[in-house]
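Descriptive analysis of the structure
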Number of protein chains: 2
Amino acid sequence: MIAEIISTGTELLLGQIVNTNAQYLAKKMNELGIDVLHQSTVGDNPSRMAEVIAHALERSDLVVTTGGLGPTLGDITKEVTARLLNRAMYLHKPSESRIRQIFASRNMLMPESNLRQAMMPEAAIIIDNDRGTAPGVILEESDKTIIHLPGPPQEMQWMFETAIVPYFRQRFGLQSVIVSRVLRTFGVSESALEEKIKDFVLAQSNPTLALLARSGEIHLRITAKGQTEAEATERIATLEQALRSRVGKAIFGIDDETLELVTGRQLSENNLTIALAESCTGGLVTSRLTDIPGSSRYLIGSLVSYSNQIKREILGVSEQILTDCGAVSEETAILMAKQVRERFMTDIGVGVTGIAGPDGATATKPVGLVYIAVVGAQGVECVKHQFSGQRTGIKQRAANAALFQVMRFIENYASDREK
Amino acid sequence: MIAEIISTGTELLLGQIVNTNAQYLAKKMNELGIDVLHQSTVGDNPSRMAEVIAHALERSDLVVTTGGLGPTLGDITKEVTARLLNRAMYLHKPSESRIRQIFASRNMLMPESNLRQAMMPEAAIIIDNDRGTAPGVILEESDKTIIHLPGPPQEMQWMFETAIVPYFRQRFGLQSVIVSRVLRTFGVSESALEEKIKDFVLAQSNPTLALLARSGEIHLRITAKGQTEAEATERIATLEQALRSRVGKAIFGIDDETLELVTGRQLSENNLTIALAESCTGGLVTSRLTDIPGSSRYLIGSLVSYSNQIKREILGVSEQILTDCGAVSEETAILMAKQVRERFMTDIGVGVTGIAGPDGATATKPVGLVYIAVVGAQGVECVKHQFSGQRTGIKQRAANAALFQVMRFIENYASDREK
């Protein structure tokens, strides 16, 4: 079976955005064993879009489009295909009420133009969109299949995973199953990690093993093929075990388990509460912890002590220390952690202070210098970091390091208790 | 003149890499006034590549390809075009010696296979490559032009800037310049915004006008062509003025100006300091404000009062109010703002409290309910919101709304003073 991906949208033709949708779909469809032999991009122009889609239907059995399902006059994908296939458009009542509900739930009046999103070609299979207002569309024309997905990546990806993959399996009777699992590591460089597991990387065939750098983490992606899911999963398990014995504690989570998720789980499993005093990270660590549902069980609160005034007056860091050691110092980080733990009456206190830049550096304290202190019943731990990069990058790296440090701190705490 | 970009390479069809070359070329060519109406991607397969290039030459005057100029057997772009145009291939001596020099300079022996990179279609214009071994190729066939550029982005970009742009200007006598400007709006839905400015959207030719949804904002992109940059800018200014008089205060910034940037500018221009008490946003608003260099000038600090205990004991929100009105209420939001402003001794205090979900909803207080209060010398303003979506989405929308509310609050403050 031959497949083609068509990306629509003038912003792509103008080069204003990079086409990540085409890459995502190509990758996923190849993993399913579907050969993507063509990718095309066309703007919101009816005749040119019609020409591109018609040409695709000539040379391919399966055509997947993204974009052009929105409420505006520039959103024409469904109309173009309907005309090509000589199908009338009709108002799909269930979609209409879904869209009306979305606006109602936002206490907004639905502009009539949004009804365009509920207009569908006859005999289309409609896919609900839980991430937005635009439904997806599947059209079967004899042995050809054309699928319209929304343009916003997270809507498109959600729809592909939940509705299109199952549809593909059923319509094309896809046999071989591909399963992949990601082992997320932190605190080890990509090259150091590769050294440790080089033989596995070289020996790979099924499962395959890939190292991916992802926002400060290095991910080990294991991908296995099998006749059944069980077979593929078994293959993964074997390699995972071998990798864990090599890499050890640098692996903190799998798949979608973020640093904030695993740290949060550690806190709640150990019935520990936490409070943070953040300076250079400006509340980012706390914000990431609160991205996790139920975090209110363990996160009591935080103080963003951005100015020394707040460090002194609200936190109670002594003027002495601020002048002798400076706001960016091990002493201040530890005191911030101790004070916030005491004031907020939590089991664990965290202090983060540093220089995010571009200003604020001194001869002895460069941009990227960050101290992270964690304080608990079992003691104090302070780590000095020197991060590189831009302001927001330094904030991100510092937040990663803080979350990882808390995670490991609790782990040791738990293991201490077991002794 | 109509142009088409063709990206070659199986790694693109497999989704192993994102196609940044197509975006780069589309952007640059549009800026030169060349209309890119099609983008295509095809693998290293002779017949399919021939079909794609032939089809492109039918519908376009100018075809630019990237990739397939390397030394391996999979690099076939030049050969495919030569066959299409019935041109023989010959060994281009200057390119051969250039390539030999490159290897010599690296004290490496040149594999014979690299000679393929010096094989050229007859009557081709050869472009030296100062960034790699693969020369670029320009083929003129009556009124059609086909250009082959190397795949590695920095080789391709260097070649485009230094050789292709001058070639375009000379061959196509390019006069026109394209300038575009983005007006960023907040607080109006895409469809509602389009209703307001429909006539401009329909009437568009030069400048053109596009609506783009971008992480909770709607952007109005104006793109104008002109003989000179001044002329294009003038065209933009005229439409911008008209749009501003229609859309008004929903427009908060232009181009790269984020909500946190503009809000921060408002604070520093008015010499105002700010402190925040965040509940459901968990420090996200403060973190975004601190993404801006120099924010320590106006951001004194914040309190993430995630638990009622902190709201009571650190902020001083009375038990009375928490029990009578609840933690998620207008009264609590206002008190949070007032108290943090007082304790942190700032000009402006902000209080954000709500239900990010998925838990915590009650019969009267659904997930997504958020109160945002801003307090300053000139008074108090509290807005009730009902956001939809997932937990992190609700946090993001609440943070956007808070930043926007502070921005407008200061604006009114400033205008009050002027009276």
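Residues numbered from 1 in each chain as written. Chains lettered and ligands numbered in written order. Predicted model: local features only at pLDDT ≥ 70, side-chain atom pairs only at ≥ 80, totals over all residues. Heavy atoms only, no water.

By the naming in an unreviewed UniProt entry, chain A is Putative competence-damage inducible protein, taken from Anaerosporomusa subterranea. Taken from UniProt, the Sequence similarities (unreviewed entry) comment for chain A reads in full: "Belongs to the CinA family." (UniProt positions renumbered as here; feature names shortened; annotations may be inferred.)

Further remarks concern the overall build of chain A. A count of helical and extended segments in chain A gives 14 helices and 17 strands. If one aligns the C-alpha atoms of chain A with their principal axes, the spans along those axes are about 80 × 55 × 40 Å. Within the span of chain A, comprising 419 residues, buried residues form 57% of the whole. Contacts in chain A between residues at least 24 apart in sequence constitute 66% of all its contacts with a sequence separation of at least 6. Working note: accessible area of chain A is about 16,900 Å², and carbon and sulfur atoms make up 51% of it. (Helix = DSSP H or I, 4+ residues; strand = E, 2+ residues; numbered from the N terminus. Buried < 20%, exposed > 50% of the residue type's maximum accessible area, 1.4 Å probe, protein only. Contact = heavy atoms within 4.5 Å. Areas by Shrake-Rupley, 256 points an atom, 1.4 Å probe, with all protein chains shown as cover.)

A few words now on the interface of chain B and chain A. Taken residue by residue, the interface counts 73 residues in chain B and 72 residues in chain A. Across the chain B/chain A interface, buried area totals approximately 5,700 Å², and carbon plus sulfur atoms make up 55% of it. Among the residues of chain B in contact with chain A, Leu13(B), Gln39(B) and Tyr306(B) are the three that bury the most area, contributing 10% of the side total. The interface formed by chain B and chain A contains 4 salt bridges. Across the salt bridge formed by Glu51(A) and Arg59(B), the nearest N and O atoms sit 3.0 Å from each other. The interface formed by chain B and chain A holds 37 residue pairs in polar contact (both at pLDDT 80 or more) in total. Across the side of chain B that touches chain A, the residue classes tally to 25 nonpolar, 32 polar and 16 charged. (Buried area = accessible area lost by both parts, 1.4 Å probe. Salt bridge = Lys/Arg side-chain N within 4 Å of Asp/Glu carboxyl O. Polar contact = N/O pair within 3.5 Å; in protein donor to acceptor, adjacent residues only side chain to side chain. Nonpolar A, V, L, I, M, F, W, Y, C, P; charged D, E, K, R; others polar.)

Sites flagged by UniProt as "domain: MoaB/Mog" (unreviewed entry) map to residues 4-171 of chain A. With 42% helix and 23% strand, the stretch residues 4-171 of chain A has end C-alpha atoms that lie 17 Å from each other.

We now examine the sheet that holds strand β7 (residues 136-141) of chain B. The 12 strands lie next to each other as β6(A)-β7(A)-β8(A)-β3(A)-β1(A)-β2(A)-β2(B)-β1(B)-β3(B)-β8(B)-β7(B)-β6(B), forming an open sheet whose pairing is mixed. Taken across any chain shown, the strands that pair with only one partner, and hence form the sheet edges, are β6 (125-127) of chain A together with β6 (125-127) of chain B. Strand-to-strand twist of the sheet, defined as the mean angle between neighbouring strand axes without regard to direction, takes the value 15 degrees. Helix-sheet contacts for helix α6 (residues 153-172) of chain B involve β3 (62-66), β6, β7 and β8 (144-149) of chain B, and the interaxial angle to β8(B) is about 165 degrees. (Pairing = 2+ DSSP bridges. Axes fitted to C-alpha atoms, helices over the stretch in contact; angles between N-to-C directions.)

Glancing now at the side chain of Ser302(A). Residues and elements named next belong to chain A. On the secondary structure map, Ser302 appears in strand β14 (residues 299-304). Within the local environment of Ser302, its side chain forms a polar contact with the backbone nitrogen of Leu276, the two atoms lying 3.4 Å apart. Here Thr286 takes part through its side chain, which lies 2.7 Å from a polar atom of the side chain of Ser302.

Tallied over the full model, the rule gives 12 aromatic pairs over all chains. Considering the side-chain rings of Phe160(A) and Phe168(A), the 6.0 Å spacing of their centres and the 75 degrees angle between planes classify their relative orientation as edge-to-face. Assessed through its relative accessible area of 0%, Phe160(A) is described here as buried. Overall, Phe168(A) belongs to the buried group, its relative accessible area being 0%. Between the aromatic rings of Tyr167(B) and Phe168(B), the centroid separation amounts to 6.3 Å while the plane-to-plane angle is 50 degrees, which identifies the pairing as tilted. (Phe/Tyr/Trp six-rings, centres within 6.5 Å; stacked < 30°, edge-to-face > 60°.)

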